[in-house]
Protein chains: 4
Amino acid sequence: MVSDTTFTPHGVVPPLVTPLDDHGDVDRRALERLLAFQLDAGVDGVFVGGSSGEIALLDTAQRRALVEVTAGTVAGAVPVLAGAVDTGTRRVVEHARQAAALGADAVVVTAPFYVAPHPAEVVTHFQHVHAAVDVPVVAYDIPSAVHTRLTPDVIAELAESKTIAALKDSSGDLAAFREVLRRTELPALTGSELLADTALALGAAGLVPGLGNVDPHGYVRLYRAARDGDLAAAKAEQDRLAALFRIVSVAGTTRIGHTAGALGAFKAALAWRGVIDNAATNAPLHPLADDERTTIGRILTIAGLGTVD
Amino acid sequence: MVSDTTFTPHGVVPPLVTPLDDHGDVDRRALERLLAFQLDAGVDGVFVGGSSGEIALLDTAQRRALVEVTAGTVAGAVPVLAGAVDTGTRRVVEHARQAAALGADAVVVTAPFYVAPHPAEVVTHFQHVHAAVDVPVVAYDIPSAVHTRLTPDVIAELAESKTIAALKDSSGDLAAFREVLRRTELPALTGSELLADTALALGAAGLVPGLGNVDPHGYVRLYRAARDGDLAAAKAEQDRLAALFRIVSVAGTTRIGHTAGALGAFKAALAWRGVIDNAATNAPLHPLADDERTTIGRILTIAGLGTVD
Amino acid sequence: MVSDTTFTPHGVVPPLVTPLDDHGDVDRRALERLLAFQLDAGVDGVFVGGSSGEIALLDTAQRRALVEVTAGTVAGAVPVLAGAVDTGTRRVVEHARQAAALGADAVVVTAPFYVAPHPAEVVTHFQHVHAAVDVPVVAYDIPSAVHTRLTPDVIAELAESKTIAALKDSSGDLAAFREVLRRTELPALTGSELLADTALALGAAGLVPGLGNVDPHGYVRLYRAARDGDLAAAKAEQDRLAALFRIVSVAGTTRIGHTAGALGAFKAALAWRGVIDNAATNAPLHPLADDERTTIGRILTIAGLGTVD
Amino acid sequence: MVSDTTFTPHGVVPPLVTPLDDHGDVDRRALERLLAFQLDAGVDGVFVGGSSGEIALLDTAQRRALVEVTAGTVAGAVPVLAGAVDTGTRRVVEHARQAAALGADAVVVTAPFYVAPHPAEVVTHFQHVHAAVDVPVVAYDIPSAVHTRLTPDVIAELAESKTIAALKDSSGDLAAFREVLRRTELPALTGSELLADTALALGAAGLVPGLGNVDPHGYVRLYRAARDGDLAAAKAEQDRLAALFRIVSVAGTTRIGHTAGALGAFKAALAWRGVIDNAATNAPLHPLADDERTTIGRILTIAGLGTVD
């Protein structure tokens, strides 16, 4: 177990997709290959059970298998962060305890959702989860999914009381992210695919980009360039990755939803590269069309990506 | 088991609160008393595990106890509807199967949330749930919680294919509700506390008002008056209930959230009436303040409500 | 001038479209024909310069011509309401004074927009406008356009102080509309095309349906049936009008915006019926396509509408 | 007149407040002093009639006086940008022509609002305005006010066709801003007070910070440091300005609206510094309270600002 006070996530920590087999179960082999692909690329941690991991669509068995296989495969090489994402405090505690028991080094927790909480209730939520588990809690700010912000005031209060050990910011609000960096000592990770170099320049501890599933080597190069002060190299890498990120828009939103288009694109790209076998996503997400997969392959090629041996 | 084709919910079907004991567990005794209070009042069904039942905040044990006690206590006197509310299809199927196994006569299902689905994916969601369970599926339109509408087009498609057996409408959009009534034969229940008589006049099959926890007799009188064509009596009852509904606004939203203020008010009112012992809500909701409970008691008195023996 | 205390709008008061000629100016002849068509149908008032009248797209000359021609043509036969819709208090006062000077019997005013006002500032806004003009002020609740609600509390405060003489409700929130009816003596008009009979049954003073441009006879029949207590006749008329209202959805929103689709449909229908010559809307709205106009014609025919001699 | 092709705004271009006298008219003397204060500080342009200039609340006379006095006072020393902000195309053209006639070097135009336009209609809007005036058009992306985004696709289309000469971005979406910088050659100015150095590092041509009213010297130093590659100095200045920016939150939003709190704070700070005499804002905005002004003075002092001689 990593103790609260010393857990300091940093570097590239991709929010991994959850590979599925033909029966819709977690594809353990494919997950092992994905983890090996990521570790080979030099990532500094992995985050399973996030939005990119279809956390909202996984059932109990899938959640369990995901953390179990990941913790077993990673075997301490890097920290394993596991999403304990659910609507209310008691449910989050259930998930968090299970994840910790299965070997997760930290749990990642959003604001409550479905309900409409007051900021003071959001603070209470994190306090209860922190008190209930033995692993560090990482706050996950993702208003597009949960429709409540973790404001800088809330984050600062949780940081000062050592309720949370880190922040994963997917708010899209870089000014607020910067305010957190200014007001707290909290390791703060950005979920942005497109402002990774910028966030690092502002003091972000690391990156949690969904696109890191597809091109972890790119984000590792970007992170190391930024860390070593080579801003031009970081920016060049960021520009290449921005072009690659167009894969999430290939499907549009007239036929399938935004979530299906984005997560489907990550999986389609990983299948195209040979890392996973099956690009299927959980119900009720609809699959990409064949021509959309072809377009994604073309974008990968342009970005310099090929098949993984 | 109630068969799909014959399940036609109607009348007053209150979405019950989930009474908790001092340990935060489901208070079985209080739940039994609440059910007796409702059945005595003449309700035509009960709905447990809805928004008023804190469904998003209940853990696995609480969900199980809630349906188990309810089905056992009601014992077939009226239909028991159970919420199978969750973010994704597999998780909803898990809840729905458990609820059916525990004796629920129907399950109530929202659009997927956390994810951003396309309407076609919403249809897929309901189709999967319908195929996976042996009890009828009631569609639950509650965009304030799940941030996706069940549009009249989606409802009509689900009704025509007999994927859903009924609609519970908490959209606040009476024009859309009316369009559903016009286009389908679906039994449609309104969740509105304030437009109950209006919805019945438009052809609603019944009422699912959160305020029915506190004053089931009032909604039963309203429903029967409307059914018997006595619009003036229905309206008079509605006006009295509208005044009573002010209890949900007593706490405001500067100190606690909207959910805590509304559900806390229902529980505080039930405790004031002596139906339940404990007005506590699940974490992370904050409790009402003492003066707020006093104000609620005053509103109950003005509405003609007293202690239940 | 109609004095504040006695202005009690009621009945059918359609929010008229603004016919344009080939140069984009107000088509005075077409406007006169539209007014004659409406008066012949038995409307109880007309509202020019509302959302259906493209108020946000009219320049100074168009606004002036619109009120001038209308007041001159109507010549006291029924009250003329004129929109004084703009972002801030001073600008609204300018429009309101001009409209009053040109012969409007009342001005219709929304919450401020572009800015983000507090409810107390919304009250101040109406107080200033009321103090600045000699004609009654009608409050116009249209959050879809101005992104601020006129809450029942705000309306009640404005009604008690006699700052406003009436309400035009386009909020889509019938529960709030009913609360206003319960708490105030204010004549309240609904902007709903689809809940006209319902709103009248709840005590609405009248109707301001955009679809009334196309079929004023229908809404006049509906209003009179409701007034005379013939609810079945009112409902039958409402059902026919609901089918007719599908014209606003013909264009969809993938090619042109919602506003263009709705206002364009009203104008296309009036052109199809021969009331106006030109279905053009102001820039930047794009026109309907030919096949969309054909579809609209088919819907009109099904609804029993034909050419006006 | 500045020709379309050569208008390249850059540097610090504060969006000036509109000083008012005791009668509510534009205070010409105070405006002259404000302009002198800004020019002395070394600004590279001024923008009058933006959101900070209460554009939505100015009447015709105020709009005219504002541009007239500004163009006359600045007298070609730096470019004068004038807001032509209104709901529809024709109205924007009216404002834009007047501003150009009064001496503005460019006009600043938002998406249409009140109406709900399709992106293609937004493009049409800018094309019409561009065709109607002889001065360059600057696109103003401010979804918090107009509720429509100028997407990177729309901006790119307008840039390629040379319909717009520059972008003023107040979207808060730095990833989209960066996409514009990547896809176009357009001079892009950020409206962010808090990410000025970051935006410049990404390639922004300049800054349009509302807080620049209060401390133009600070933003000029920040801009010059960034231009000269001294990122540490730029960041230090940004951190100081971030602390100063807390003045906009002093009033909160429980008593007055967000707009009143922010614009009122800029004016209160300028009055405290002795640049303008009167901190009043246009109706319906409510004024700051005395203790709020005292707090603002304290924040100014901490940020090292004093009275201007």
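Our structure is the block above this text.
Keep in mind the model is a prediction, meaning the values are calculated, not measured. (Residues numbered from 1 in each chain as written. Chains lettered and ligands numbered in written order. Predicted model: local features only at pLDDT ≥ 70, side-chain atom pairs only at ≥ 80, totals over all residues. Heavy atoms only, no water.)

*Asks:* What is the right way to read the pairing of strand β5 (residues 137-141) of chain B from this model?
*Replies:* A regular strand carries its side chains on alternate faces of the sheet. Residue and element names in this part refer to chain B. Along β5, five of the five residues are buried, which leaves the element largely enclosed by surrounding structure. Covered by surrounding structure in β5 are Val137, Ala139 and Asp141 together with Val138 and Tyr140, the residues of both alternating faces. Handedness of the crossover joining strand β4 (residues 106-110) and β5 through helix α4 (residues 119-132) is recorded here as right-handed. The sheet contact formed by β5 and strand β6 (residues 166-169) spans four bridges and is parallel. Bridge pairing in β6 places Ala139 opposite Leu167. (Buried < 20%, exposed > 50% of the residue type's maximum accessible area, 1.4 Å probe, protein only. Helix = DSSP H or I, 4+ residues; strand = E, 2+ residues; numbered from the N terminus. Right-handed = clockwise from strand over helix to strand, strands pointing away. Pairing = 2+ DSSP bridges.)

*Asks:* What should I look at first to understand helix α6 (residues 152-160) of chain D in this one?
*Replies:* Each turn of an α-helix holds 3.6 residues, which means side chains three or four residues apart point in the same direction. Taken together, the buried positions of α6 of chain D are Pro152, Val154, Ile155, Ala156, Leu158 and Ala159 of chain D. Where α6 of chain D is buried, its residues contact α4 (119-132), β5 (137-141), β6 (166-169) and α7 (174-183) of chain D. (Contact = heavy atoms within 4.5 Å.)

*Asks:* In this structure, what is going on with the side chain of Asn213 of chain D? I would like to understand it.
*Replies:* Residue and element names in this part refer to chain D. By the element assignment, Asn213 lies in the loop between β8 (206-207) and α9 (216-227). Here the side chain of Asn213 touches Pro15 through a polar contact of 2.9 Å, landing on its backbone oxygen. The contact partners of Asn213, leaving out residues within four places of it in the chain, are Pro14, Pro15, Leu16, Val17, Leu34, Phe37, Gln38, Ser52, Phe266 and Leu270. (Polar contact = N/O pair within 3.5 Å; in protein donor to acceptor, adjacent residues only side chain to side chain.)

*Asks:* For this particular structure, what's the right way to read the sheet that holds strand β6 (residues 166-169) of chain C?
*Replies:* Paired through their backbone hydrogen bonds, the strands of a sheet run either parallel or antiparallel. Residue and element names in this part refer to chain C. Within the open sheet, the eight strands sit side by side as β1-β8-β7-β6-β5-β4-β3-β2. Their pairing is parallel. Of all the strands in the sheet, just β1 (11-12) and β2 (46-48) have a single pairing partner and so form its edges. As paired elements, β1 and strand β8 (residues 206-207) share two bridges and run parallel to each other. In the strand pairing of β8, Val12 is matched with Leu207. Helix α7 (residues 174-183) rests against β6 and β7 (188-190) of the sheet, and its axis sits at about 160 degrees to β7. (Axes fitted to C-alpha atoms, helices over the stretch in contact; angles between N-to-C directions.)

*Asks:* Sorry if this is basic, but what is going on with the pattern of salt bridges here?
*Replies:* If the charged atoms of two oppositely charged side chains come close together, the side chains can form a pair. One pass over the structure, following the stated rule, counts 76 salt bridges over all chains. Ionic pairing is found between Arg221 of chain B and Glu237 of chain B, a salt bridge with its closest N-O pair at 3.0 Å. With Arg221 of chain B in helix α9 (residues 216-227) and Glu237 of chain B in helix α10 (residues 231-244), the pair connects residues that are 16 residues apart, well separated along the chain. One salt bridge in this structure joins Arg183 of chain D and Glu179 of chain D, with 2.7 Å as the shortest N-O distance. Of this pair, Arg183 of chain D and Glu179 of chain D both sit in helix α7, four residues apart, which is roughly one turn of the helix. Its relative accessible area of 40% is what places Arg183 of chain D among the partly exposed residues. Among the ionic contacts, a cluster of salt bridges with common partners joins Asp86 and Arg91 of chain A together with Asp86 and Arg91 of chain B. (Salt bridge = Lys/Arg side-chain N within 4 Å of Asp/Glu carboxyl O.)

*Asks:* How do you make sense of the relation of the copies chain A and chain B when you look at a structure like this?
*Replies:* Taken together, a rotation about one axis and a shift along it account for how the two chain copies relate. Rotating chain A by 180 degrees and translating it 0.0 Å along the rotation axis places it on chain B, where the RMSD comes to 0.0 Å. With respect to symmetry, the two chain copies, as superposed, fit the operation of a two-fold axis. Looking at the interface residues of chain A, 100% of them are also at the interface in chain B, so both copies use one shared face. (Least-squares fit on C-alpha atoms with pLDDT ≥ 70 in both.)

*Asks:* What am I meant to see in the sheet that holds strand β2 (residues 46-48) of chain D here?
*Replies:* The strand order across the open sheet formed by eight strands is β1-β8-β7-β6-β5-β4-β3-β2 (chain D), and the pairing between neighbours is parallel. The sheet is open, and its two edges are formed by β1 (11-12) and β2 of chain D, each paired on a single side.

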